[in-house]
Structure formats: C-alpha cells, structure tokens
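# Survey of secondary and tertiary structure
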Amino acid sequence: MKSTAGEVRLPAVAIGVPTYRRPEVLPRLVRELGEQADDLLGRDGRPAVARSVRIVLADNDPERSAEPTVAELARSCAEGGPEVRYVSEPVPGIAAVRNRLLEDTADADVLLSIDDDERPRPGWARHLLETWNRTGAAFVAGRVVPEYTGEVDPWLLAGRFFVRRQLPTGTAVPFAAGGNMLLDLAQVRAAGVRYRDDFGLSGGEDTVFTKELHAAGRSLVWCNESEAVDVVPAERQTRRWVLVRALSHGNSTVLSDTVLAPSRRRRAVRAKAAVAGLARLGGGAGRALGGFAGRAPVHQARGLRTACRGAGMLLGAAGWSYEEYGRDGRLARFRPGA
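Residues numbered from 1 in each chain as written. Predicted model: local features only at pLDDT ≥ 70, side-chain atom pairs only at ≥ 80, totals over all residues. Heavy atoms only, no water.

Helices and strands together make up the secondary structure of the protein, namely 10 helices and 10 strands. Relative to the globule expectation of 20 Å for 338 residues, the C-alpha radius of gyration of the protein, 20 Å, shows essentially globular dimensions. Projecting the C-alpha coordinates of the protein onto the three principal axes gives extents of approximately 60 × 50 × 40 Å. Both charge centroids of the protein, one from 48 positive and one from 41 negative side chains, sit 9 Å from each other. (Helix = DSSP H or I, 4+ residues; strand = E, 2+ residues; numbered from the N terminus. Rg over C-alpha atoms; globule rule 2.2 N^0.38 Å. Lys, Arg positive; Asp, Glu negative; His and termini not counted. Charge placed at Lys NZ, Arg CZ, Asp CG, Glu CD.)

As structure tokens, this is what we get:
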C-alpha cells in the first residue's frame, strides 16, 4: 500500500492492545473499540476510512490470565462485530509484547495501538487514520489525558505528574510514546525497525523505536484530536509512585540517548547526561526545600519531580537501568543488545 501524502486510502486496520493481568478492564475496552471499528467502517453513516478492522489483544502474562475473557469477547463479537483475536507473549517486558503485536498484525496495512489502562474517546481511531491519510506519516501519535479514580492528592495535581503534552495536529515530532498511536506497517518494515528487547523491562522502548524510525527518514506527526483517556488507578495516585516514575523516565531517557549514539560518542553522551542529571538533582532539591519552607505544594512537587528525574539520569549515565516493567522492579546493569 502506498504511503504518499494526499492519497485517500481504505486500509486493513488492526487495533492492538498489550495487556498484563487486567482482564477485568477488557470487556469495556473491547466494546469501545468495537464502536471505533463501526465508525471506521462507516456503519454510523459517515464515510468509511477502513476496509476491514480487527482487534488483537496480546497477553504478556505467562499464565495467560486474559485468555478466557478474550475468548468470551470473541464469541460475543462474532455476530456482526469486529474479529477479536487473542495472542500470548510470555517473554516479560513491554518491548516483547509490542513486537508480538507487530508480528501478529503483519498482514494489516496499519496498526493502531492503545494500552489496556486507556480508553478511546469517540473518533479516536478515525482521527488517527485521517491524519495518516493527509500526511503519509509512518507514525501518528495521539493525545492522552488523565482520568483519576477517587479523591486526588492536591500535591499530585500541583506537580502535574499525569499531564502530557498537546501539539497542533500535523506537527512533526522526532519521537513519541507508544500508548496511543498509529503505525504504517509497510513503512516500519521498510525501515527495519523493531522494539528493542534491552528496553523491555526499563521502558523507553517506544522512545528508541520512534527515534530510530525518524532516523531512517520516516515521518512522525501529532494528532491532537485523537484522544485516549489514561485511567489512573488509586495505587498510582501516590507520591512515591509518581516520583519513582520520574526517576524511571530520567533513567530511560539517558539509556536511549546512549544506545542511539555512535559507539565512539557514548562516553561523551553519558558524561553530558551526568552533568545534566546533577544539575536537575541539585536544582530540583533546592526548589523542593524552598517549597517545604514556604509551604508551597507546587514547588515541593515539581522540585522533587525534577530531582528524581535527575537521579534517574545519573543512574543511566553510570550504566544502571531501573526495570520499571520487571516483575519486581529493581536496578540492574544495563546491557545494550541483551
């Protein structure tokens, strides 16, 4: 299938969902994705933007905990709904399950992906496809907005820990996250890019993937109208969780910059990251201390967030990886290519 901008295409669409031990959220998500499929196929009276749609749920639990739920969903969708398929990926880590989706949807033209703790807003899939059609991009990134469960600590809101970026639709981006996206599979294959297994437990695999796609000369663009809701459970609405996440993000950023640099420059990349990490750690700690002295939650939260990100950067510069997606979460020596 051609990928030139301006050509109106009716692609075969796969919607992929990586999942891990959340079978209780899948019935609602699949129902909402079925509504997205109806929209793409023009069953609501709007022009069709796809010729076929199927839903693929990739289970990263070696015990296959999602399989019975998906089997029941597949049976219920068989009468007039989109095909629902279950695949198992027992190798731990987000990179392995994302690669499993790439493999299982190779016969589709485009892969739309949404995480199992997200929910698509009306028009989510259509907006991604329309932006792809207009731009011919290899990757279209959508917007993610938080939805909190229960009462939220004002300190977390002050720190804007769950707020993500917004950009005008069509804006070119050099990298993007993988929770809400469209991939042109022909362009991905031509670029020879896959998710790197060495980032499977630390996260950052989507950053490396999209940076490599961009470096291969492929276009990445933003779609602000394609909105997915990130449902934030109570266990993530804690100060400890958000600060560990800040450390993890700082850590994976440095590791991704390191592996993408030519080997002769990696020492310089790590040294630069160490300097930047120290600056963030010191500056963030100073802002946080001032916030506690002045009883200013904004400065407390944002200062600690900056300091933790700096600490993660220092760990990355020293060659350590925080395995956020490991089964027990731990620090480990980072081994590129492992």
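Turning next to the environment of R270. If you trace the backbone, R270 turns up in helix α9 (residues 266-294). For the pair formed by R270 and G319, sequence separation is 49 residues and the distance between their alpha carbons is 8.5 Å. Residue contacts for R270: discarding those within four places in its chain leaves T258 and A317. (Contact = heavy atoms within 4.5 Å.)

Counted by the stated rule, this structure contains 4 aromatic pairs. The interplanar angle of 20° and the centroid separation of 5.6 Å between the aromatic rings of W155 and F161 together place this pair among those described as stacked. As far as burial versus exposure is concerned, W155 and F161 are alike and both buried. It is R165 that lies over the ring of F175; its NZ or CZ is 5.9 Å from the centre. For the cation-ring pair, K211 lies above F175, with the distance from its terminal atom to the ring centre recorded as 5.0 Å. (Phe/Tyr/Trp six-rings, centres within 6.5 Å; stacked < 30°, edge-to-face > 60°. Buried < 20%, exposed > 50% of the residue type's maximum accessible area, 1.4 Å probe, protein only. Lys NZ or Arg CZ within 6 Å of the ring centre and 35° of its normal.)

Attention now moves to the sheet that holds strand β4 (residues 110-114). Reading across the sheet, the 8 strands line up as β3-β2-β1-β4-β7-β6-β8-β5 and stay open at both edges, with mixed pairing between neighbours. Only two strands of the sheet have a single neighbouring strand rather than two, namely β3 (83-88) and β5 (118-120). Ignoring strand direction, the axes of neighbouring strands in this sheet form an average angle of 25°. As paired elements, strand β6 (residues 139-148) and strand β8 (residues 220-232) share 10 bridges and run parallel to each other. Residue pairing in the sheet places V144 in a bridge with A228 of β8. Its contacts with the sheet place helix α3 (residues 94-104) against β1 (12-19), β2 (52-59), β3, β4 and β7 (180-184), and it is angled at close to 160° to β1. Contacts between helix α4 (residues 124-135) and the sheet are confined to β1, β4, β5, β6, β7 and β8, with β8 contributing the most and set at about 165° to the helix. (Pairing = 2+ DSSP bridges. Axes fitted to C-alpha atoms, helices over the stretch in contact; angles between N-to-C directions.)

Axis separation between helix α8 (residues 239-260) and helix α10 (residues 297-317) bottoms out at 7 Å; the angle between their running directions is 40°. With respect to α10, the element α8 is oriented oblique. Crossing hand, α8 versus α10: right-handed. Where α8 abuts α10, its residues L243, A246, L247, H249, G250, N251, T253, V254 and L255 lie against L304, R305, C308, R309, A311, G312, M313, L315, G316 and A317. For the contact of α8 with α10, the residue count by class is 11 nonpolar, 6 polar and 2 charged. (Parallel < 35°, antiparallel > 145°, perpendicular 65-115°, else oblique. Left-handed = near helix turned anticlockwise from the far one by under 90°. Nonpolar A, V, L, I, M, F, W, Y, C, P; charged D, E, K, R; others polar.)

Another point: the pairing of β1. Here β1 lies mainly inside the structure; 8 of its 8 residues are buried. Neither face of β1 is open: one carries A12, A14, G16 and P18, the other V13, I15, V17 and T19, and all of them are buried. Here β1 runs beside β2; their pairing, made up of 8 bridges, is parallel. Across the sheet, V13 pairs through a bridge with V53, a residue of β2. In the classification by handedness, the crossover that spans β1, the intervening helix α1 (residues 26-40) and the parallel β2 is right-handed. Of the strand pairs in this sheet, β1 and β4 are connected by 4 bridges, and their pairing is parallel. Considered in β4, the bridge of G16 is made with S113. (Right-handed = clockwise from strand over helix to strand, strands pointing away.)

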